[in-house]
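Here's the letter readout for the chains.
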There are 2 protein chains.
Amino acid sequence: MTYCVGLKIDRGLVFMSDTRTNAGIDNISTFRKMHIWEEPGERVIVLMSAGNLATTQAVISLLDERSKSPSERVSTLLQTPSMFQTARLVGETIKEVIKNSSPDGQSADSYFNASFILGGQIKGSEARLFLIYPEGNFIEAGEDTPFFQIGETKYGKPIIVRAYDPGMSFAETAKLLMVSFDSTLKSNLSVGLPLDMMFYELDTMRVGFRKRIGYDDQYYRMISDGWSNALKTAFNSLPEFDEL
Amino acid sequence: MTYCVGLKIDRGLVFMSDTRTNAGIDNISTFRKMHIWEEPGERVIVLMSAGNLATTQAVISLLDERSKSPSERVSTLLQTPSMFQTARLVGETIKEVIKNSSPDGQSADSYFNASFILGGQIKGSEARLFLIYPEGNFIEAGEDTPFFQIGETKYGKPIIVRAYDPGMSFAETAKLLMVSFDSTLKSNLSVGLPLDMMFYELDTMRVGFRKRIGYDDQYYRMISDGWSNALKTAFNSLPEFDEL
């Protein structure tokens, strides 16, 4: 499986993804699931993927026009006029890849399915965040649903639901997402370190702070250990059940 | 869906289940999912169910011998010589019901599937806790896996993983399970109040403290509100990300 989160805050967009891919439980590899395209000052596009690895890699390669010779390639993601058109382009590409992989064509429960979180900003328009389904259609994050998760989403959802606030700083979202990822990692083998993290600051049209968080990351270790203790303290701070 | 947890602590067994049943999202009902059989001083048997409601009700009815006239009925669960035999009996009954419901016979992904948590104690032997699969086979809780969840298990797992301790008191497990259920309820519509809770104290062979927790339950409200705040406090107590 996979776990990716895209989050919209007042200051911009935040992305985090894990890197574990598995086919069965004894065939585990590390693959980047966060892909970034940038034309500094003009646009930043981020795409995170969950699902069949052959499908997601094919989608990325097609968007990058890797079917052409290297000198002729210009990623189509650098040419779309708006984020909405970018989401449509990604959606169409997913549909095409799944259709070509499945002998029976596109279906909701296809083995070749994949879903994507797309976020970014193109000069002259607003920063936007989309969740794109295997069927190629998509939804956009808004005030009421300011974040999207794909992959193994359930373990890490409660903390985001409770602690998210649109006024958060980037540092606070880093903390929030590390707690959410750590809860997932502790409960599910199919999500694993290292993690990729990226902050996009509104209207900069530039990739912001970017980091790969590995096993030896001091801050992640602090959060992981600290959260266990903080949770126990929080738990102990609740009133006792006194009806016995 | 459903959410049920059976927990083994040094002092005994703890059970909690929700009561929401749904077929689609506009067909929602309340059904008890915790069933208790007691012969005071001799045995206590608790069965919690998740899955197809027709299957789980049929299993309970068969175990209760409701096919007989009321005067002839003696629940077969009151006659088994050991908890292991009880688990086998429940397993066989599940298999039989699913087989009779499915035109194609038993299969792993049958629409008629159901799983059960079975716990209790029979005089002369130890208290035991089992998870029974739709296939009729089962596993037992031990030191390393002291709890079982069925239904919508993921949201509420992280807090149990982190805060569980075999030396807990019953009051502490009540708090723990309420937090776990509240996290699930807040994230998933298919799990709903009221909740059923029961404590079994080791070697008493008697149903212990028992309660139905409804919308107006003061303690549950305190935990639900308090946990949001406690989580925020816990979250704020973690060190800040200072690499920006």
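Calculation rules
- Residues numbered from 1 in each chain as written.
- Chains lettered and ligands numbered in written order.
- Predicted model: local features only at pLDDT ≥ 70, side-chain atom pairs only at ≥ 80, totals over all residues.
- Heavy atoms only, no water.
- Core = buried A, V, L, I, M, F, W, Y, C linked by side-chain atoms within 4.5 Å.
- Buried < 20%, exposed > 50% of the residue type's maximum accessible area, 1.4 Å probe, protein only.
- Contact = heavy atoms within 4.5 Å.
- Helix = DSSP H or I, 4+ residues; strand = E, 2+ residues; numbered from the N terminus.
- Pairing = 2+ DSSP bridges.
- Salt bridge = Lys/Arg side-chain N within 4 Å of Asp/Glu carboxyl O.
- Expected span 1.5 Å × (residues − 1).
- Axes fitted to C-alpha atoms, helices over the stretch in contact; angles between N-to-C directions.
- pLDDT = per-residue confidence, 0-100.
- Parallel < 35°, antiparallel > 145°, perpendicular 65-115°, else oblique.
- Left-handed = near helix turned anticlockwise from the far one by under 90°.
- Nonpolar A, V, L, I, M, F, W, Y, C, P; charged D, E, K, R; others polar.
- Buried area = accessible area lost by both parts, 1.4 Å probe.
- Polar contact = N/O pair within 3.5 Å; in protein donor to acceptor, adjacent residues only side chain to side chain.
- Least-squares fit on C-alpha atoms with pLDDT ≥ 70 in both.

It is worth spelling out the nonpolar core at this point. Within the largest apolar cluster, 72 residues are counted, with the highest numbers of intra-cluster contacts made by Ile160, Met178 and Trp227 of chain A together with Ile160, Met178 and Trp227 of chain B. Residue contacts for Met178 of chain B: discarding those within four places in its chain leaves Phe241 of chain A together with Met16, Met197, Ile213, Tyr219, Tyr220 and Ile223 of chain B.

Residues and elements named next belong to chain A. Most of strand β2 (residues 12-17) is tucked away, with six of its six residues classed as buried. The pairing of strand β1 (residues 3-9) with β2 spans six bridges and is antiparallel. Bridge pairing in β2 links Gly6 to Phe15. Where β1 folds back on β2, the antiparallel hairpin that results is connected by two residues. As judged from the six bridges shared by β2 and strand β11 (residues 195-201), these two strands associate in the antiparallel manner. Following the sheet pairing, Leu13 is matched in β11 by Tyr200.

Next up on the list: the pattern of salt bridges. Taken as a whole and assessed by the stated rule, the structure comprises 26 salt bridges over all chains. In this structure, Arg128 of chain A and Glu140 of chain A form a salt bridge, with 2.5 Å as the shortest nitrogen-oxygen distance. Of this pair, Arg128 of chain A sits in strand β8 (residues 128-132) while Glu140 of chain A sits in strand β9 (residues 138-140), and the two are 12 residues apart along the sequence. With a relative accessible area of 25%, Arg128 of chain A lands in the partly exposed category. The exposure class of Glu140 of chain A is partly exposed, given its relative accessible area of 34%. A salt bridge links Glu240 of chain A to Lys175 of chain B; the shortest N-O distance between them is 3.1 Å.

To continue, consider helix α4 (residues 170-187) of chain B. Under the 1.5 Å per step criterion, the end-to-end length of α4 of chain B is 26 Å for 18 residues, consistent within 8% with the ideal 26 Å. With 15 of 18 residues buried, α4 of chain B lies mostly within the body of the structure.

This part takes up the sheet that holds strand β9 (residues 138-140) of chain B. Residue and element names in this part refer to chain B. The five strands lie next to each other as β5-β6-β7-β8-β9, forming an open sheet whose pairing is antiparallel. The outermost strands of the open sheet, each flanked by one partner alone, are β5 (34-39) and β9. In this sheet, adjacent strand axes meet at a mean angle of 15 degrees when their direction is disregarded. Where strand β6 (residues 43-51) meets strand β7 (residues 114-122), nine bridges bridge the pair, whose relative direction is antiparallel.

All names here are of chain A. One open sheet holds the five strands; their spatial order is β10-β1-β2-β11-β12, and the pairing between them is antiparallel. The open sheet terminates on both sides in strands that have one partner only, identified here as β10 (147-151) and β12 (210-213). Strand-to-strand, the axes of this sheet are offset by a mean angle of 10 degrees, without reference to chain direction.

This next bit is on the confidence of the model for chain A. Across chain A, the average pLDDT comes to 92, with 97% of residues at 70 or higher. Of all secondary-structure elements in chain A, the lowest mean pLDDT belongs to strand β4 (residues 28-30) of chain A, at 88, while β2 of chain A reaches the highest, 98.

Further remarks concern the packing of helix α4 (residues 170-187) of chain A against helix α5 (residues 218-237) of chain A. Residues and elements named next belong to chain A. Viewed as axis vectors pointing N to C, α4 and α5 meet at an angle of 70 degrees, and their least axial separation amounts to 10 Å. One element, α4, and the other, α5, form an angle in the roughly perpendicular class. The crossing of α4 and α5 is right-handed. In this structure, α4 contributes Lys175, Met178, Val179, Phe181, Asp182, Ser183, Leu185 and Lys186 to the contact, and α5 contributes Tyr219, Tyr220, Ile223, Ser224, Trp227 and Ser228. Tallied by class, the residues present in the contact of α4 with α5 amount to eight nonpolar, three polar and three charged.

Right, let's get into the interface of chain A and chain B. If you look at the interface, chain A gives 45 residues, while chain B gives 45 residues. When the buried surface of chain A facing chain B is broken down by residue, Arg162, Phe235 and Phe241 of chain A rank first, second and third, together holding 22% of it. Between chain A and chain B we count eight salt bridges in total. Its salt-bridge partner being Lys211 of chain B, residue Glu243 of chain A comes within 2.6 Å of it at the nearest N-O pair. Those elements that provide at least two residues to the side of chain A that touches chain B are α3 (157-163), α4, β11 and α5 of chain A.

Turning to the side chain of Lys33 of chain B, a few remarks are in order. Residues and elements named next belong to chain B. Mapped onto the elements of the fold, Lys33 is located in the loop between β4 (28-30) and β5. A distance of 3.0 Å separates a polar atom in the side chain of Lys33 from a polar atom in the side chain of Thr2. Setting aside anything within four residues of it in sequence, one finds Lys33 in contact with Met1, Thr2, Cys4, Ser17, Asp18, Thr19, Arg20, Thr21, Leu47, Met48 and Ser49.

Time to look at unusual backbone geometry. Residues and elements named next belong to chain A. Of note, the amide linkage connecting Leu193 to Pro194 takes the cis form, showing an omega dihedral of -5 degrees. Residue placement: Pro194 occurs in the loop between α4 and β11. Unlike most non-glycine residues, Asp203 shows phi in positive territory, near 65 degrees. Structurally, the position occupied by Asp203 is in the loop between β11 and β12. Judged by its relative accessible area of 54%, Asp203 is exposed.

Residues and elements named next belong to chain A. Where helix α1 (residues 53-63) meets helix α2 (residues 83-101), the axes come as close as 9 Å, and the angle between the chain directions of the two elements is 130 degrees. Put simply, α1 runs oblique to α2. Handedness of the crossing formed by α1 with α2: right-handed. Counted together, Thr55, Ala58, Val59, Leu62 and Leu63 of α1 and Leu89, Val90, Thr93, Ile94, Glu96, Val97 and Ile98 of α2 form the full contact between these two elements. The class makeup of the residues in the contact of α1 with α2 is nine nonpolar, two polar and one charged.

What follows concerns the relation of the copies chain A and chain B. Note on the identical chains: chain A maps onto chain B by a rotation of 180 degrees and an axial translation of 0.0 Å, with an RMSD of 0.0 Å. Read as a symmetry element, the transformation amounts to a two-fold axis. For chain A, the minimum C-alpha distance to the rotation axis belongs to Tyr155 of chain A and amounts to 2.4 Å. When you check the interface residues of chain A against chain B, 100% turn up at the interface there too, and the contact is symmetric in its surfaces.

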